[in-house]
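# Inside the fold
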Amino acid sequence: MKKKYNFKGGIQCISIKKDPREYFLNYLPDPEKFFIYIKYSHFKKNRLRVKVGQEVLCGQPLTFGDDLIVPVHSPTSGWIKNIYFNPKSSDKNQEKIKIVILSNHLNKWIRLKTIKNYKTYTPQSLIKIIYQSGIVGLGGAQFPSSKKLTLSINKVHTLIVNGIESEPCMTADYCLMQNYINEILIGCKIVAWISKVKDILIVIQEDKTELILKIQKIIENKQLFKLCIIRKKYPGGSSKILIKSLTGKEIPYGKHSIDMGYLVFNVATIYAIKRSIINGEPLIKRIVTLYNKDKNILSKNFWVKIGTPIHFFLNYLKIDSNLNTLIYSGGVFMRYLIVNLNYSIQKNMNCIYVKKNKKNKKKIEYPCINCGYCVHACPVNLLPQEMFLYCKNSDNQKLKQLNILDCIECTVCEKVCPSNIPLVKYFRIGKKIQKNIDIENDRKKLFSSLFRKREKRLLIEKKIFYSKDQISNIKKLDIFSRTQEKEENNSINQKIIEKSLRKEMLKEAIKRAKLKR
Amino acid sequence: MTVILIFSILSLFLGIILSYIKYSFPIKKNSVVVAVDNLLPQSQCAQCGYSGCYPYAKAIVKDSENINKCIPGGSDLTFKIAKVLNIENVEKSLDSSATKNEKKIYTTVLIDEKNCVGCSKCASFCPVDAIIGSPNFMHTVLQKFCTGCNICLLHCPTNCIKIIKE
Ligand code: SF4
Ligand code: SF4
Ligand code: SF4
Ligand code: SF4
């Protein structure tokens, strides 16, 4: 029996009764319209590549991208119906451009450049292909994979393939691994070749026995690969906790796992990297789990194109989206309410959670009774109880001492709290304040250092000016003396002239005197 | 061996002298002034009437200068300083109109490069060297370093500098 890795805290959840149909992949027909949202800000060069009315093909890039924003691709062939620009929203992270694409249901692809032997390419060119394919971390963070890979070159020794879905209702990654395990292993090799790692750890939860046996059979004779089994517990999927449970090391806030020598990738990201390099396909679709809480039968996995409107997705499955149902993106624990059903499936949405809205069962927030359940449950060794107290009193210095920025917002503490306190809501506000304080302090430091630099510069300039002045003073003196000489000469001449003039006047006077006689 | 001994004794004596100097002549910095200075936005724009943020902080603490003179900080800053200095009823003690000015810290400026005549007035007045360019050529603002103090706006003869909100 292999060693099972574990971590402190967290909660064990009863796995929901699985329907075998969940593991088959279902396909969704193309909707009429796709909505693509693009991030945009004044200071970045993420420019559009298309115009209104232009025809696009499947997989055609719509933007140029920036060094932090990857290009976005058209999910269908058709034409661009409209481009909306919403500059008013003050939120920096919000998408400000919305492109509407009308599909012509032909799905004509652009010509794809396939690569058979990726080892003939340099890592840099492979990273460029990954960037151009618009691949971001599909686990939820949406961090560009190309950036992660460039940072990781010659710095990491282990690649961790994250195949864990700790949320009890999500099965998207599991489903992907069941169906495409060979392609994922090729993707692992590509990543290993790019960043020159020596070990590849594939991490899976203990209850996926079928899959474990399958992978074990494949990687039996391969030295590079290793299989790690982790306890089924929430939250195991977060990269911080994953590294902690595998190695026992903690990543402090502000540092990345790459600095410790570990490169963490989600299986879906690795699959997308394989598709982009070997098949040349940009990232335009992903697997999304639909989980309907009230009708467990409807939970299924779908290949969904990015940009599909959520109301189309729900309509196709005959889920009525009226006021009685709440629709979240994300699972049971980490979830965000989707308010606008015209919003579309994004690259980081791996689950859509539908729930009946029960109005009468409103939770009442009782005061904290200091039971300490949350402290035991927190997987990153924080003190949620004290953090809550200081959040309420907005004591920012104490919050910083308690490392509130290390909180991964896993909502475990909220779930175990007997007083129904929405702890994470408070922590989010607290974290935002903390981040703002940090940003402001950084700005102040930068500005005062710039000011000091300028003063130094002015001082140096002054020095140069004065030293120059001395030289010029000497020159001026020189010129002055010369002009004086000249003036002297002139005055001498004038004296001579005056003398001669007087002489002539005298002569004339003598003449006149002679004539008078 | 003796050389090492001599030098070690010498360095010990020097160390004792240095520590004595540090003990007897400590660097004096008023902690309240530092606290107020930390609150100020460090734009060093001199719009408060002092040559920089530190002199203004000093004036607030020592000469009881009005606390609402920093224009980039706005009314938010006024309240923060009031909290540090334990001043109550800020709104009453100051002009109500003056306390309502908006915070300008998170803004930057942009030069309309077509209209710039290259007089380099803005560059010589920018307190953080955020404007680059040379005389008789186009000038431009480095967005990253601009503190948004809007000093340059006052000095441009062609009015080609605009405020943009971030
Ligand atoms: S939400 Fe934050 S404080 Fe609460 S258990 Fe998770 S990591 Fe700990
Ligand atoms: S107005 Fe504000 S930012 Fe400008 S020098 Fe004075 S205190 Fe500093
Ligand atoms: S560019 Fe203008 S607004 Fe920005 S810091 Fe310099 S003087 Fe102030
Ligand atoms: S003050 Fe105005 S015109 Fe003169 S250099 Fe600056 S931007 Fe150009």
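Residues numbered from 1 in each chain as written. Chains lettered and ligands numbered in written order. Predicted model: local features only at pLDDT ≥ 70, side-chain atom pairs only at ≥ 80, totals over all residues. Heavy atoms only, no water.

An unreviewed UniProt entry lists chain A under the name Ion-translocating oxidoreductase complex subunit C, from Buchnera aphidicola subsp. Rhopalosiphum padi. Recorded in UniProt under Function (unreviewed entry), the annotation for chain A is "Part of a membrane-bound complex that couples electron transfer with translocation of ions across the membrane." As recorded by UniProt, the Subunit (unreviewed entry) comment attached to chain A reads in full: "The complex is composed of six subunits: RnfA, RnfB, RnfC, RnfD, RnfE and RnfG." (UniProt positions renumbered as here; feature names shortened; annotations may be inferred.)

### Let's talk about the overall build of chain B
Helix and strand counts for chain B stand at seven helices and four strands. Mapped from its N terminus to its C terminus, chain B presents α and β elements in the order α-α-α-α-α-β-α-β-β-α-β. Taken across its 166 residues, chain B has 36% of its residues classed as buried. Here chain B has roughly 10500 Å² of accessible surface; of this, 61% comes from carbon and sulfur atoms. (Helix = DSSP H or I, 4+ residues; strand = E, 2+ residues; numbered from the N terminus. Buried < 20%, exposed > 50% of the residue type's maximum accessible area, 1.4 Å probe, protein only. Areas by Shrake-Rupley, 256 points an atom, 1.4 Å probe, with all protein chains shown as cover.)

### A look at the sheet that holds strand 1 (residues 4–5) of chain A
Within a sheet, neighbouring strands are paired by backbone hydrogen bonds and run either parallel or antiparallel to one another. Residue and element names in this part refer to chain A. Across the sheet, five strands lie side by side as 1-9-8-7-10; this open sheet has parallel pairing. Taken across any chain shown, the strands that pair with only one partner, and hence form the sheet edges, are strand 1 and strand 10 (262–266). Each of strand 8 (199–205) and strand 9 (225–230) is contacted by helix 4 (residues 209–218), which is oriented at about 160° to strand 8, the strand it contacts most. (Pairing = 2+ DSSP bridges. Contact = heavy atoms within 4.5 Å. Axes fitted to C-alpha atoms, helices over the stretch in contact; angles between N-to-C directions.)

### A short note on the pairing of strand 7 (residues 158–162) of chain A
Residue and element names in this part refer to chain A. Within strand 7, five of the five residues are buried, which leaves it mostly tucked inside the rest of the structure. Burial of strand 7 is two-sided: the residues Thr158, Ile160 and Asn162 facing one way and the residues Leu159 and Val161 facing the other way are all buried. The pairing of strand 7 with strand 8 spans five bridges and is classified as parallel. Considered in strand 8, the bridge of Asn162 is made with Val203.

### Things to note about the UniProt feature "binding site: [4Fe-4S] cluster 1" (unreviewed entry) in chain A
Residue and element names in this part refer to chain A. In the UniProt entry, the feature "binding site: [4Fe-4S] cluster 1" (unreviewed entry) is given for Cys368, Cys371, Cys374 and Cys417. In sequence the annotated residues extend across 50 residues, while in space they remain close, none of their C-alpha pairs exceeding 10.9 Å. Excluding its chain neighbours within four sequence positions, the residues that come into contact with Cys368 are Gln385, Phe388, Ser419 and Ile421. Looking at where Cys417 falls in the secondary structure, it is placed in the loop between helix 11 (412–416) and helix 12 (423–516).

### Describing the site of ligand 2
Around ligand 2 there are 14 residues in total, and B:Cys45, B:Ala46, B:Cys48, B:Cys53 and B:Cys70 lie nearest to it. Across the shell around ligand 2, the residue classes break down as ten nonpolar, four polar and no charged. (Near = heavy atom within 4 Å. Nonpolar A, V, L, I, M, F, W, Y, C, P; charged D, E, K, R; others polar.)

### A look at the side chain of A:Ser145
Residue and element names in this part refer to chain A. Counting through the fold element by element, Ser145 comes out in helix 2 (residues 145–152). Since its relative accessible area comes to 0%, Ser145 is described here as buried. If we ignore the near neighbours within four places in the chain, the residues touching Ser145 are Ile130, Ile135, Val136, Gly137, Phe265 and Thr269.

### Thoughts on unusual backbone geometry
All names here are of chain A. Unlike most non-glycine residues, Asn370 shows phi in positive territory, near 55°. With respect to the secondary-structure elements, Asn370 resides in the loop between strand 15 (351–356) and helix 8 (373–377). Of note in the backbone geometry, Glu409 takes a positive phi value of approximately 55° without being a glycine. For Glu409, the position within the fold is in the loop between helix 10 (396–401) and helix 11. Given the relative accessible area of 16%, Glu409 is considered buried.

### Details of the UniProt feature "binding site: [4Fe-4S] cluster 2" (unreviewed entry) in chain A
All names here are of chain A. The UniProt feature table records "binding site: [4Fe-4S] cluster 2" (unreviewed entry) at Cys378, Cys407, Cys410 and Cys413. Judged by maximum C-alpha separation, these annotated positions cover 36 residues in sequence but sit close together in space, the widest gap being only 10.7 Å. If you trace the backbone, Cys378 turns up in the loop between helix 8 and helix 9 (384–393). For Cys378, a relative accessible area of 8% gives the class buried. With respect to the helices and strands, Cys413 occurs in helix 11. Leaving out residues up to four positions away in the same chain, Cys413 has contacts with Cys374, Pro384, Leu423 and Phe427.

### Some words on the interface of chain B and chain A
The interface of chain B with chain A comprises 24 residues on the first partner and twelve residues on the second. Together chain B and chain A conceal approximately 1600 Å² of surface at their shared face, both sides included; 56% is due to carbon and sulfur atoms. For the interface between chain B and chain A, the tally reads three salt bridges. A:Glu440 serves as the salt-bridge partner of B:Lys80, at 3.9 Å between the closest nitrogen and oxygen. On inspection of chain B and its partner chain A, the count reaches four residue pairs in polar contact (both at pLDDT 80 or more). Of all the elements in the fold, those that place two or more residues in the side of chain B that touches chain A are helix 2 (31–39) and helix 6 (121–125) of chain B. (Buried area = accessible area lost by both parts, 1.4 Å probe. Salt bridge = Lys/Arg side-chain N within 4 Å of Asp/Glu carboxyl O. Polar contact = N/O pair within 3.5 Å; in protein donor to acceptor, adjacent residues only side chain to side chain.)

### Description of the pattern of salt bridges
Summed over the entire model, instances satisfying the criterion amount to 14 salt bridges over all chains. Among the salt bridges present, the one from A:Glu183 reaches A:Arg275, with a minimum N-O distance of 3.3 Å. Pair noted here: A:Glu183 is in helix 3 (residues 172–195) and A:Arg275 is in helix 6 (residues 267–279), with a separation of 92 residues, a long-range link. Note that A:Arg457 is salt-bridged to B:Asp129, the shortest N-O span being 2.7 Å. Taken together, the residues A:Arg457 in helix 12 and B:Asp129 in the loop between helix 6 and strand 2 (131–132) connect one chain to another. With relative accessibility at 33%, the residue A:Arg457 sits in the partly exposed group. According to the relative accessible area criterion, B:Asp129 is partly exposed, its value standing at 23%. Because the salt bridges share partners, they merge into one network encompassing A:Glu183, A:Lys274, A:Arg275 and A:Glu281.

### Re helix 9 of chain A
When we look at burial in helix 9 of chain A, the residues that qualify are A:Pro384, A:Met387, A:Phe388, A:Tyr390 and A:Cys391. Residue A:Ser394 follows helix 9 of chain A closely and has a positive phi angle near 45°.

### Some words on the side chain of A:Arg286
Residues and elements named next belong to chain A. Position of Arg286 among the secondary structure elements: in strand 11 (residues 285–292). We note that Arg286 is buried and unpaired, the nearest opposite charge coming from Asp173 at a distance of 4.9 Å. Here the side chain of Arg286 touches Met349 through a polar contact of 3.1 Å, landing on its backbone oxygen. (Lys, Arg positive; Asp, Glu negative; His and termini not counted.)

### Thoughts on the pairing of strand 11 of chain A
Residues and elements named next belong to chain A. Extensive coverage of strand 11 is indicated by the burial of seven of its eight residues. The pairing of strand 11 with strand 12 (residues 300–305) spans six bridges and is antiparallel. Across the sheet, residue Arg286 finds its bridge partner in strand 12, namely Val304.

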